[in-house]
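# Observations on the three-dimensional arrangement
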Amino acid sequence: MAQPTIFQRIIEREIPADIVYEDDECLAFRDIAPQAPVHVLVIPKRPIKSWATLDDGDAALVAHIVLVIRNLAVELQLEDGYRVVCNSGDDGGQTVDHLHFHLMGGRPMRWPPG
Ligand code: AMP
């Protein structure tokens, strides 16, 4: 069997994380290597590998996560704006094989990203 990802272990509370939000469907915690003053990861509790492996039945879950991110941005006082990133696959820069959305803010973001 495949080893659980680091995010699965955070969900299971096997390793610590700075959790900022949780509900039945998803978990949000601060990135261990923040790239902005606010850098939170939002993940589904179900072990979906990546954006690329989402199926049509995940539409409601993804919509839920999108709205959780909207609410978190308000709670984390990102009223000046923020960026949401989902890296998918090797070329996308994905390093953890558990779908996750980066919510980053607290400074102006540059474009294009690297
Ligand atoms: P990605 O490169 O899009 O797959 O992003 C993975 C993110 O997970 C990176 O920003 C890492 O800093 C972050 N990360 C890895 N391990 C942990 C951890 N134990 N707790 C919080 N964030 C983590």
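Before reading further, recall that the structure is shown in the block above.
So, a few notes on the structure that sits alongside this text. The model shown is predicted, which means the values in this text are computed figures rather than measured ones.

## As for the site of the ligand
As a matter of local geometry, the ligand sits amid 16 residues, with Asp-31, Asn-87, Thr-95, His-100 and His-102 nearest to it. Between the ligand and Ile-32 there is a distance of 3.1 Å, counted from a nitrogen atom to a backbone nitrogen or oxygen. Protein contact buries 83% of the 510 Å² of open area that the ligand shows by itself. Put simply, the parts of the chain that give the shell around the ligand at least two residues each are helix 1 (6-11) and strand 2 (26-30). Tallying contributions element by element places helix 1 first for the shell around the ligand, with three residues. When its residues are assigned to classes, the shell around the ligand shows eight nonpolar, six polar and two charged.

## What about the packing of aromatic side chains?
The final tally for this structure, using the stated rule, is two aromatic pairs. Judged by centre distance (5.4 Å) and plane angle (75°), the rings of Phe-7 and Phe-29 are edge-to-face. Residue Phe-7 is found in helix 1, and its partner Phe-29 is found in strand 2; the two are separated by 22 residues along the sequence. There is no split in this pair, since Phe-7 and Phe-29 are both buried.

## With respect to helix 2 (residues 59-75)
The end-to-end C-alpha separation of helix 2 is 25 Å, in line with the 24 Å expected for 17 residues at 1.5 Å each. Listing the buried residues of helix 2 in full gives Leu-61, Ile-65, Val-68, Ile-69, Leu-72 and Ala-73. End-on view of helix 2: buried residues confined to an arc of 140°, all on one side of the axis. Residues of helix 2 that are exposed and point over 90 degrees away from its buried face: Ala-60 and Val-74. For helix 2, the elements touching its buried residues are strand 1 (19-22), strand 2, strand 3 (38-44), strand 4 (82-85) and strand 5 (101-105). Positive phi shows up at Gln-77, right after helix 2, with a value of about 60°.

Cut-off values and rules
Residues numbered from 1 in each chain as written. Predicted model: local features only at pLDDT ≥ 70, side-chain atom pairs only at ≥ 80, totals over all residues. Heavy atoms only, no water. Near = heavy atom within 4 Å. Polar contact = N/O pair within 3.5 Å; in protein donor to acceptor, adjacent residues only side chain to side chain. Areas by Shrake-Rupley, 256 points an atom, 1.4 Å probe, with all protein chains shown as cover. Helix = DSSP H or I, 4+ residues; strand = E, 2+ residues; numbered from the N terminus. Nonpolar A, V, L, I, M, F, W, Y, C, P; charged D, E, K, R; others polar. Phe/Tyr/Trp six-rings, centres within 6.5 Å; stacked < 30°, edge-to-face > 60°. Buried < 20%, exposed > 50% of the residue type's maximum accessible area, 1.4 Å probe, protein only. Expected span 1.5 Å × (residues − 1). Arc of directions from axis to C-beta. Contact = heavy atoms within 4.5 Å.

Such coordinate-based values are descriptive only and should not be taken to indicate function.
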